[in-house]
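As a plain string of letters, each chain reads:
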Amino acid sequence: MFGIKIVHQNHKGLVELLGKYHHSVDAGLHFYVPIIERIYSVSLAMNPLRLPDYSIITKDNAEVRASLTLNYHTTDAVKYKYENTDSIESMSQLVRGHLRDIIGRMDLNEALGSTSKINQELASAIGDLTNTYGINVDRINIDELKPSTSIQDSMDKQLKADRERIAAIAKAEGEAKSIELTTKAKNDALIATAEAQAKATRTRADAENYRISQMNKILDEAKDGYFENQSIEAFKELANSPTNTVVVPSDKIGELGKIPVIKKMLE
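Residues numbered from 1 in each chain as written. Predicted model: local features only at pLDDT ≥ 70, side-chain atom pairs only at ≥ 80, totals over all residues. Heavy atoms only, no water.

J.: Just give me the short version of the overall build of the protein chain, but keep the residues and values in it.
T.: Helices and strands together make up the secondary structure of the protein chain, namely seven helices and eight strands. A burial count over the protein chain gives 22% of its 267 residues as buried. A separation threshold of at least 6 residues defines the contact pool for the protein chain, and within that pool the share at least 24 residues apart is 65%. As displayed, the protein chain has an accessible area near 18700 Å², and 54% of this comes from carbon and sulfur atoms. (Helix = DSSP H or I, 4+ residues; strand = E, 2+ residues; numbered from the N terminus. Buried < 20%, exposed > 50% of the residue type's maximum accessible area, 1.4 Å probe, protein only. Contact = heavy atoms within 4.5 Å. Areas by Shrake-Rupley, 256 points an atom, 1.4 Å probe, with all protein chains shown as cover.)

Structure (C-alpha cells):
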C-alpha cells in the first residue's frame, strides 16, 4: 500500500525514511510508504512577521518600546526543518539582539529621529546570518519607537515649556518692535515739525529781510523834498496836538520855532 502526498507550488517536500531525512522532492504528486516514509511540506514563499513590542535602553538610559515587522522566505528547507528547533524564533531573537545593540549606541532623540537609518543598519547587520536557519530576511521595518510613559510625560512637559518660551520670546520681540516703531514714528513727527518750523522761521526772516531791504532802497532813492514835506506834516500834527513836551535832537532845536508859524498858517 502507498500513501499519496501533494506538494503544492512554491513548496519543497522533505522525505523522511524511518524518521531520518532521506531526500527532497519538488511540487507535485508523490507516493510514499506509510509508517516507513513521511513527507513534510515546507513553504518557500515570502512570509510577513510582526515581532512583539519589547523594551530597549538607549545610550542615555532612556527606555523605549520597539515594534517592527519583517518579510522573510525559506531558502533551504533542510536547514529550516532539521538544523534548528525553531528557525523563526531564532531569526526573531537575532533581529531583536541587533536592534537592541544599534539603538543602545544612540541617544533617545537620535533614535527617535533615525528609524530609516536604524532599518538600514539592522538589515546590514543581519546580512547572511539568518542563512544558518535556512531563512533570508527580505525586508525589515521599524513600525514604532515609543518612549516609556514617564519619559513621554517629561518630553511633553519639556515641549510645552519650549513652546511657552518661544511664545514669550516672540511676544517680547513683538512688543519691542512695536515700541521701536512707535518711537521712530514720534521722532519722525518731531523732526518733521521742527523742520517745518525752521523752514517757516527762515521764510519769515527772508521776508522781513526783503522788506527792510526794499525800504532801505526806497529811502536811499527818496529826494530831500519828500522828507521836508514829511517834516511839515509832522509839525502840523504837533501844532494841533495838546502836547506841551517835545523831545528833539539838539541839532534840530531850531525847528521848534516853526511850530507856531505852522499852527498860524493852519488856522
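J.: An account of the packing of helix H2 (residues 87-104) against helix H4 (residues 115-126) is needed here, citing residue identities and associated values.
T.: When two helices pack together, you describe them by how their axes are tilted relative to each other and by the distance separating the axes. Two numbers describe how H2 lies on H4: the axes approach to 10 Å, and their chain directions differ by 130 degrees. With respect to each other, H2 and H4 are oriented oblique. Considering how the two elements wind past one another, H2 and H4 form a crossing that is right-handed. For the pair H2 and H4, contact is made by Leu-94, Val-95, His-98, Leu-99, Ile-102 and Ile-103 and by Ile-118, Glu-121, Leu-122, Ala-125 and Ile-126, respectively. Partitioning the contact of H2 with H4 into residue classes produces nine nonpolar, one polar and one charged. (Axes fitted to C-alpha atoms, helices over the stretch in contact; angles between N-to-C directions. Parallel < 35°, antiparallel > 145°, perpendicular 65-115°, else oblique. Left-handed = near helix turned anticlockwise from the far one by under 90°. Nonpolar A, V, L, I, M, F, W, Y, C, P; charged D, E, K, R; others polar.)

J.: Lay out the side chain of Ser-92 with the relevant residues and their values.
T.: Relative to the helices and strands, Ser-92 is located in helix H2. With a relative accessible area of 4%, Ser-92 lands in the buried category. Each residue touching Ser-92, except ones within four places of it in the same chain, is listed here: Leu-49 and Leu-51.

J.: Provide a residue-level description of unusual backbone geometry, including the pertinent values.
T.: With a phi close to 65 degrees, Asn-10 is a non-glycine residue in the positive phi region. With respect to the element layout, Asn-10 can be found in the loop between strand S1 (3-7) and strand S2 (11-17).

J.: Quick rundown of the sheet that holds strand S7 (residues 63-74)? Include the residues and the values.
T.: Within the open sheet, the three strands sit side by side as S6-S7-S8. Their pairing is antiparallel. The sheet is open, and its two edges are formed by strand S6 (47-57) and strand S8 (135-147), each paired on a single side. Taking each pair of neighbouring strands and ignoring which way they run, the sheet shows an average axis angle of 20 degrees. Taken together, the nine bridges between S6 and S7 define a ladder with antiparallel strand orientation. Each residue of the ladder has a partner; that of Leu-51, found in S7, is Leu-68. H2 contacts S6, S7 and S8 of the sheet and is inclined by roughly 40 degrees relative to S6. H4 rests against S7 and S8 of the sheet, and its axis sits at about 145 degrees to S8. (Pairing = 2+ DSSP bridges.)

J.: Give a description of the packing of aromatic side chains that names residues and reports values.
T.: Per the stated rule, a full pass over the model turns up one aromatic pair. When the centroid spacing of 5.5 Å and the interplanar angle of 50 degrees are considered together, the rings of Tyr-21 and Tyr-82 count as tilted. Of this pair, Tyr-21 sits in strand S3 (residues 20-25) while Tyr-82 sits in helix H1 (residues 77-82), and the two are 61 residues apart along the sequence. We classify Tyr-21 as partly exposed; its relative accessible area is 31%. (Phe/Tyr/Trp six-rings, centres within 6.5 Å; stacked < 30°, edge-to-face > 60°.)

J.: Summarise the environment of Lys-79; cite the residues concerned and give the values.
T.: Tracing the chain through its elements places Lys-79 in helix H1. In sequence terms Lys-79 and Ile-135 are 56 residues apart; their C-alpha atoms lie 8.5 Å from each other. When residues no more than four places from it in sequence are discounted, the contact partners of Lys-79 are Asn-84, Ser-87, Asn-131, Thr-132, Tyr-133 and Gly-134.

J.: Break down the sheet that holds S2 for me, citing the residues and quoting the values.
T.: Strand order in this open sheet of three strands is S3-S2-S5, and the pairing throughout is antiparallel. Whereas interior strands pair on both sides, the edge strands pair on one side only; in this sheet they are S3 and strand S5 (37-43). In this sheet, neighbouring strand axes are inclined to one another by 30 degrees on average, regardless of whether the strands run parallel or antiparallel. The pairing of S2 with S3 spans five bridges and is classified as antiparallel. Residue pairing in the sheet places Leu-17 in a bridge with Lys-20 of S3.

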